[in-house]
Structure formats: structure tokens, C-alpha cells
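Residue-level listing of the chains:
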Amino acid sequence: IQSSFGSSGKFRVHFPAGTGLKEGDSLYLRFKRYANDPRKAIHQDGTLPQARIGSRVDPPVKKKKKKNGSNNADEQSSTKNGAVGEIEKLKGDILENGKSPMAIVSGLFTMADDISKHKGRKVVAVTTEEEGSIHGSFGKMGKVKVSFENGVSAEVGSRVKMLAA
């Protein structure tokens with residue numbers, strides 16, 4: 001493209017090697033614009049502009065749905081013995097033995113599950129094998145409060161397994 005002229009988007013084009021087109025023929029010019037180009041320029045050649053650090057945007061990952069005969073979330077959650085969750089936060093005053101009396105656990109239930117049906121259900125910290133019980137729900141995102149009678153020494157991020165009812 002040499003230059004533009006007029007107000008209707010016309011422009012002059014120069015082909016150093018020539019072209020087989022005649023005046024009035026349709027001419028298609030393929031352009032590309034790249035997201036990581038700091039100048040936001042239009043490119044005609046096959047070379048890519050250099051990538052900028054921090055400008056990559058990954059598409060969202062779609063999770064595959066499990067094919068299960070039951071569509072009721074409460075039925076699914078009540079049958080998922082051995083569900084595994086993760087300690088997100090330790091709560092309460094530290095006991096004399098240096099352990100926390102309560103933990104907030106995510107991943108055992110979904111938002112749709114009725115957690116009140118599972119109150120008192122036994123839970124075990126996988127790394128320390130300390131046993132606790134579900135005290136109640138915490139927030140609206142399927143998190144639960146788990147109380148440990150003798151405290152829990154497992155760290156935040158540790159896995160927790162729900163025992164059979």
C-alpha cells in the first residue's frame with residue numbers, strides 16, 4: 001500500500017513484481033492483526049511480531065461433565081463416600097497442644113449440596129490422620145467447618161478425606 005486517497009477508504013497499491021489484474025478487477029489483500037503487537041499494526045507477511053511478557057491470554061478450560069445416572073445433586077453428594085477436600089483456613093484459638101480446633105474445608109461438597117444433612121460426619125486429615133467432624137456450612141460455595149476435638153496440626157492446603165457415613 002503506497003498511500004490512501006479520498007474519504008471512502010480508497011488507496012494506491014504498488015506491486016514491484018507486477019500483477020495479472022486489470023483495472024476494475026477485484027483485488028483481495030489479506031491482513032493480520034496480532035494481539036501481542038504493541039503497535040497494533042496490520043501485517044501482510046508471514047512473520048509474527050515479538051511477544052510481550054504478560055500479554056498472553058489463555059482460553060478458559062472447559063470441564064467435562066461426568067455421566068451419572070442420577071441428576072440430583074443431593075443424591076450424588078450423599079453417595080460420595082471418600083470425597084477429598086482441602087483445608088483452606090484454620091480457625092479458633094490455638095489449643096494448649098498447639099493445634100487449631102477448627103478448619104474450613106473446600107471441595108467436599110458442591111454449592112448445590114445440602115450440607116446440613118452431613119453434620120457430624122467424620123473427616124480425616126490425610127497427612128496427620130487426625131479425625132474431626134463436620135460442624136456446618138461456611139458461606140455459600142460448598143465449604144464446611146470441620147471441628148477437631150483434639151485439634152488439627154495439618155497445614156493449610158493439606159488434603160482431607162470424608163469417611164463413610
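Residues numbered from 1 in each chain as written. Predicted model: local features only at pLDDT ≥ 70, side-chain atom pairs only at ≥ 80, totals over all residues. Heavy atoms only, no water.

Student: Can you help me understand the sheet that holds strand β7 (residues 122-125) in this one?
Tutor: Remark on secondary structure: sheet strands pair via backbone hydrogen bonds, oriented parallel or antiparallel. Spatially, six strands are ordered β5-β6-β9-β8-β7-β10 in a closed barrel, and the strand pairing comes out antiparallel. Strand-to-strand, the axes of this sheet are offset by a mean angle of 45°, without reference to chain direction. When strand β8 (residues 131-138) meets strand β9 (residues 143-152), the two strands line up antiparallel, connected through five bridges. Considered in β9, the bridge of serine 137 is made with valine 144. (Pairing = 2+ DSSP bridges. Helix = DSSP H or I, 4+ residues; strand = E, 2+ residues; numbered from the N terminus. Axes fitted to C-alpha atoms, helices over the stretch in contact; angles between N-to-C directions.)

Student: Before we go on, may I ask you to explain the pairing of β7 in this structure?
Tutor: Alignment of β7 against β8, held across three bridges, turns out to be antiparallel. Along β8, the bridge assignment pairs valine 123 with glycine 132. Between the end of β7 and the start of β8, which pair antiparallel, lie five residues, with glutamate 129 showing a positive phi angle near 55°. Sheet topology places β7 next to strand β10 (residues 159-162); three bridges connect them, and they run antiparallel. Bridging across to β10, valine 123 finds its partner in methionine 162.

Student: Help me understand the nonpolar core in this model?
Tutor: Side chains of nonpolar character tend, in soluble globular proteins, to be buried together. Grouped together as the largest cluster of nonpolar side chains are 17 residues, with contacts concentrated most on Val105, Leu108, Phe109, Ile134 and Val144. Mapped by element, the contributors of at least two residues to this core are β6 (100-106), β7, β9 and β10. The greatest single-element share of this core, amounting to four residues, is contributed by β9. Setting aside residues no more than four positions away along its own chain, isoleucine 134 makes contact with Phe109, Ile115, His118, Lys119, Gly120, Arg121, Val123, Val144, Lys145, Val146 and Met162. (Core = buried A, V, L, I, M, F, W, Y, C linked by side-chain atoms within 4.5 Å. Buried < 20%, exposed > 50% of the residue type's maximum accessible area, 1.4 Å probe, protein only. Contact = heavy atoms within 4.5 Å.)

Student: Whenever I open this one, the pairing of strand β5 (residues 84-91) confuses me. Can you help?
Tutor: Both faces of the sheet carry side chains from a regular strand, because those side chains alternate between them. Where β5 meets β10, three bridges bridge the pair, whose relative direction is antiparallel. Pairing of glutamate 86 across the sheet is with arginine 159, part of β10. Relative to β6, β5 is paired through five bridges, and the arrangement is antiparallel. Bridging across to β6, lysine 89 finds its partner in isoleucine 104.

Student: Explanation requested: the confidence of the model for the chain in the structure shown.
Tutor: When pLDDT is averaged across the chain, the result is 78; 78% of the residues are at 70 or more. Within the model, pLDDT remains below 50 along residues 69-79, and this stretch shows 16 contacts once partners closer than five positions in the same chain are excluded. (pLDDT = per-residue confidence, 0-100.)

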